[in-house]
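Close look at the chain arrangement
One-letter residues, chain by chain:
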Amino acid sequence: MSWLYATMPIAGVEVFWPGLLILGFGVGIIGGFFGMGGGWMVTPGLNILGFPMAFAIGTDIAHMAGKSLISTVRHARFGNVDYRLGSIMMGGTVAGFEAGAQIVMWLERIGRVEPFMRGGYFALLSAIACVIFTDVARTRRRDREALSSGRPPDALSRGIEWHKRLHRIRIPPVVEFKTAGIRCSVWLPVAVSFVTGLLAGILGIGGGLIRMPSLIYLVGCPTHVAVGTDLFEVAVSGLYGAASYSYKGRTELLAAVIMLVGAAVGAQIGTVATKYVQGYGIRLFFGFAVLGCAVSMAFKMIGAAWPAAAWFFDTAATVLILALVSGLALYIVGRFLRGVREELAAARVRPPAQGAPR
Amino acid sequence: MARFTVLARGVVRRPWAALPFAALLLPSAALAARGGAVMVWVADSRRYSGWKAWWTNLYNESHLLFALVTIVVIPLLGLLLGALADFAMARIGINLKSRAQGEH
């Protein structure tokens, strides 16, 4: 069975290559559906497959850039990418990310980086999950109330509307983002991207996990446009990250390419699946993904504080992440297959348009 | 202030033109990477032949070229594989050009 193992020329490790293919496929599905790079899933996955941590991060970022590009192109065809918004946010993200990296250097100098990062990450993920679940619960309650009073529910209403207050701050220049359907001060997306970039830089993550909900709740994007626009940003910032890690000699291109083959298929499935799921369905499952991530981080924190049981909590954290990735990927594939079946069935019973060839 | 407003409007009209300015932030990334022990990784090119030997030699000789090849290969391959997957998806017969609008 040696053919199932490939030697990675730079890292010099033997890796089970079908594992890379499956990892790329799974993360491609989830990334295309939720609009994020998925570093929180891939880096531990690569580490489990035998990559040294430094190579795991660089390889993950390189594959993330290619995978996000595939998803962006597909989302753009559905009209889910606001390039103007994404381009404006990119500057803020890069500046915020670098400021975050400087803060990490300062924290390292005073020796507080590990507890601060883990605690901060846990608090942030918990807060995002709370916001999403509150939003979904309020919207469902509103829908139920509308139905019980005999009115149809408003398909575009939202449970949390912080963006409306932020849109009232009209510091010039005020611009219109046509695809996202919003009009606001240009400083709003710049500020949001700077803060999300700063947090991503401090926490050492790509940022999609924070930026996607920020695009929805603070900038006011519809869910599908938030997913597509975030992927556009991930693709460009991922290339920057890939260049940076490759220049430092910490990228294994062969592994990234194998993962990209799986991700190309997965990203198509994940992206097309968004066609069959309403915005709040995406939000709800994103909330579950974030919650699972927070619990996994809590396990790691308990393991760090209680060394005698560290092995147990570290293993539990890894198992939870893998179970979460598998569960979410299976759910998305299921929705994709159901949607395709229904669409094809509807196309079969629909009468052909007048003048169309029979 | 007026000049700043004109510049900001220009950036809004042509956001792509502002991207090269982001490159100005790159030196700060290099500064941020300072400090700590520098670990030098050397790939063992003696173990390989063919493209693997070429690749490991490129890595050992120039990280700059290695990085350039990486950031050219990744998007090109992404676009190629994406186009292939897109082609296969189009064979299923579903509408891949639009989606229904709606949040819930």
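These figures come from a predicted structure and were not determined experimentally.

What follows is about the overall build of chain A. Secondary structure assignment for chain A yields 12 helices and four strands. Since a compact globule built from 358 residues should have a radius of gyration of about 21 Å, the 21 Å found for chain A is in line with a globular shape. Going through the 358 residues of chain A one by one, you find that 53% of them count as buried. Counting only contacts in chain A whose residues sit at least 6 apart along the sequence, the fraction spanning at least 24 positions is 77%.

With that settled, the discussion passes to the packing of helix α3 (residues 53-77) of chain A against helix α10 (residues 253-273) of chain A. Residues and elements named next belong to chain A. Contact pair α3 / α10: the axes reach a minimum separation of 8 Å and the direction vectors enclose 30°. Put simply, α3 runs roughly parallel to α10. Between α3 and α10 lies a crossing of right-handed hand. Between α3 and α10, the residues in contact are Thr 59, Ala 62, His 63, Gly 66, Lys 67, Ile 70, Ser 71, Arg 74 and His 75 and Leu 253, Ala 255, Ala 256, Met 259, Leu 260, Ala 263, Ala 264, Ala 267, Gln 268, Gly 270 and Thr 271, respectively. In terms of residue class, the contact of α3 with α10 is built from 10 nonpolar, eight polar and two charged.

Time to look at the nonpolar core. Ranked by size, the top nonpolar core spans 118 residues in total, and within it A:Ile30, A:Phe34, A:Ala65, A:Ala242, A:Ala264 and A:Val290 carry the most contacts. Here this core gets 16 residues from one element, more than from any other, and that element is α10(A).

A few words on the interface of chain B and chain A. Contact with chain B, which involves 50 residues of that partner, is made by 59 residues of chain A. Considering each element in turn, the side of chain B that touches chain A owes the most residues, 18 residues, to helix α5 (residues 63-90) of chain B. Counted by class, the side of chain B that touches chain A contains 31 nonpolar, 12 polar and seven charged residues.

The α-helix winds at 3.6 residues per turn, so residues separated by three or four positions along the chain end up facing the same way. Residue and element names in this part refer to chain A. Between its first and last C-alpha, helix α4 (residues 83-109) extends 39 Å over 27 residues, near the 39 Å set by a 1.5 Å rise per residue. Taking the largest bend as the criterion, α4 deviates by roughly 25°, centred on Met 90. In the stretch just after α4, Gly 111 is the one whose phi turns positive, near 70°.

All names here are of chain A. With respect to the helices and strands, the residue Gly 281 is situated in helix α11 (residues 279-305). Given 16 C-beta atoms within 10 Å, Gly 281 falls into the partly exposed group. Between the C-alpha atoms of Gly 281 and Gly 220, which are 61 residues apart in sequence, the distance is 17 Å.

This part is about the confidence of the model for chain A. Chain-level pLDDT for chain A is 86 on average; 96% of the residues reach the 70-or-more range. Taken element by element, the predicted model of chain A shows its lowest mean pLDDT in helix α2 (residues 39-49) of chain A (79) and its highest in α10(A) (93).

To continue, consider helix α1 (residues 17-34) of chain A. Taking 1.5 Å as the rise per residue, α1(A) with 18 residues should run 26 Å; its terminal C-alpha atoms sit 26 Å apart, in good agreement. Among the 18 residues that make up α1(A), 13 are buried, leaving the element largely enclosed by the rest of the structure.

The subject of this paragraph is the pairing of strand β4 (residues 182-185) of chain A. Examined bridge by bridge, strand β3 (residues 174-177) of chain A and β4(A) share four bridges and lie antiparallel to one another. Looking at the pairing, A:Val175 lines up with A:Cys184 of β4(A).

For the rest of this paragraph, the subject is the confidence of the model for chain B. Low pLDDT marks regions whose predicted coordinates should not be analysed in detail. All names here are of chain B. For chain B, mean pLDDT is 73; residues scoring 70 or higher make up 58% of the total. Mean pLDDT across the elements of chain B ranges from a minimum in helix α3 (residues 26-32), with 46, to a maximum in α5, with 92. Confidence over residues 19-31 falls short of pLDDT 50; this stretch has 11 contacts with residues more than four positions distant or in other chains.

What counts as what
Residues numbered from 1 in each chain as written. Chains lettered and ligands numbered in written order. Predicted model: local features only at pLDDT ≥ 70, side-chain atom pairs only at ≥ 80, totals over all residues. Helix = DSSP H or I, 4+ residues; strand = E, 2+ residues; numbered from the N terminus. Rg over C-alpha atoms; globule rule 2.2 N^0.38 Å. Buried ≥ 20, exposed ≤ 12 C-beta atoms within 10 Å, placed from the backbone. Contact = placed C-beta atoms within 7 Å. Axes fitted to C-alpha atoms, helices over the stretch in contact; angles between N-to-C directions. Parallel < 35°, antiparallel > 145°, perpendicular 65-115°, else oblique. Left-handed = near helix turned anticlockwise from the far one by under 90°. Nonpolar A, V, L, I, M, F, W, Y, C, P; charged D, E, K, R; others polar. Core = buried A, V, L, I, M, F, W, Y, C linked by C-beta atoms within 7 Å. Expected span 1.5 Å × (residues − 1). Bend = angle between axes of the 7 residues up to and from the residue. pLDDT = per-residue confidence, 0-100. Pairing = 2+ DSSP bridges.

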